[in-house]
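# Structural description and commentary
Below, each chain spelled out in residue letters.
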Amino acid sequence: MTTTPSDPATALPGRPPVVDLATWQAARDALLVREKAHTREGDAIAAARRALPMVEFDGTAEVVGADGPVAFLDLFEGRDELVVYKHMWHDGAPHQGQCEGCTTTAWHLKDAVYLNARGVSFAILTTGRWEEVAPYVDFMGYTQPWYSVRGVDAPIGGPMGYLTSFLRDGDRVFLTYSTTGRGNEPVNGSFGLLDMTPYGRGEAWEDNPEGRPAGLAACWYWRSDAEGKATWGPTSRPVPQWSRPGATPVETLGRSGHHH
């Protein structure tokens, strides 16, 4: 029997219409046409990205990591390509006071083994002082290499919150691509999965059918207090830090305000 949204026996307020499998499949097939067009356009954009020109810069500039100062060139680890994430940093803030957006991006990039297998190295850069960065990396359990680029000029340093790609040719180093904002989303698998669910990300900007749960501020689910309540207040911290076994809550941030 085919059911319709107007059928009081099957309609569920605030949820997708209830239909039979054939009706669902027809709607799914229609959407698939648009999805395939989106994929092909994405492929074309990726091709244009690969065709971008590049900028040479001094790869001997020093950054500071677990082994002390090293040349930026060393971050390639002998490979020809390098991708970095530039993690924002709030000087003097405790671990739970660091950027919730950068935290979730870095959390999704904890293992670069498949990048390495493709000849691509990965590192996280930040403007924090290494003496502050090192204990944060240890607390979060990150296994990828982190480096302080404090005082280093762009494209190594500069504004944070970016994904940036570099190419090496011997001792010569080149900037090839950089993106920020929603351009960072491809590395965050949680976004992709949420976009496949009927309630989506639960953010106010989304175009949702009438009756769906009201959206909140962008990325509200990244930060909460110990009870899971969405907040950017003094008792909050990035959700992955609350959820980690053994993480010790800190009730105050020791600084004024948040950057969101």
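Scroll up for the structure.
Counting restarts for each chain: residues are numbered from 1 in the order of the written sequence. At least 70 in pLDDT is required for a residue's local features to be given in this predicted model, at least 80 for side-chain atom pairs to be given and counted, and no such filter applies to totals for whole chains, interfaces and linings, which use all residues. Side-chain measures here rest on the full set of heavy atoms in the structure, leaving out hydrogens and waters.

### Quick notes on the overall build of the protein
Along the protein, the regular secondary structure elements total 6 helices and 10 strands. Within the protein, the fraction of its 260 residues that count as buried is 37%. Across the protein, contacts joining residues at least 24 apart in sequence account for 57% of those joining residues at least 6 apart. Residue exposure ignores everything except the shown protein chains as possible cover, and the areas themselves are Shrake-Rupley values with a 1.4 Å probe. If you sum the accessible surface of the protein, you get close to 14,800 Å²; carbon and sulfur atoms cover 58% of it. Counting from the N terminus, the helices are DSSP H or I runs at least four residues long and the strands are E runs at least two residues long. Using a 1.4 Å probe on the protein chains alone, a residue whose accessible area is under 20% of its type maximum counts as buried, one over 50% counts as exposed, and one in between counts as partly exposed. Contacts are assigned to residue pairs that have any heavy atoms within 4.5 Å of one another.

### Remarks on the pattern of salt bridges
A pair is scored as a salt bridge if a Lys or Arg side-chain nitrogen falls within 4 Å of a carboxyl oxygen belonging to Asp or Glu. If you walk through the whole model with that rule in mind, you get 9 salt bridges. Salt-bridge contacts for Glu35 lead to Arg28; the nearest nitrogen and oxygen are separated by 2.8 Å. Look at Glu35 and you get partly exposed, because its relative accessible area is 33%. Between Glu185 and Arg182 there is a salt bridge, and its shortest N-O distance comes to 2.8 Å.

### Things to note about the packing of aromatic side chains
Only Phe, Tyr and Trp rings are paired, with Trp represented by its six-membered ring, and only when their centres lie within 6.5 Å; those with planes under 30 degrees apart are stacked, over 60 edge-to-face, the remainder tilted. Inspection of the entire model under this criterion finds 9 aromatic pairs. Where Trp107 meets Tyr142, the ring centres are 6.1 Å apart and the plane angle is 70°; that geometry is what we call edge-to-face. Here Trp107, found in helix 2 (residues 100-107), pairs with Tyr142, found in the loop between helix 4 (130-140) and strand 6 (146-148); they are 35 residues apart in sequence, far enough to count as distant. Residue class for Tyr142 comes out buried when judged on its relative accessible area of 9%.

Geometry only, nothing functional implied.
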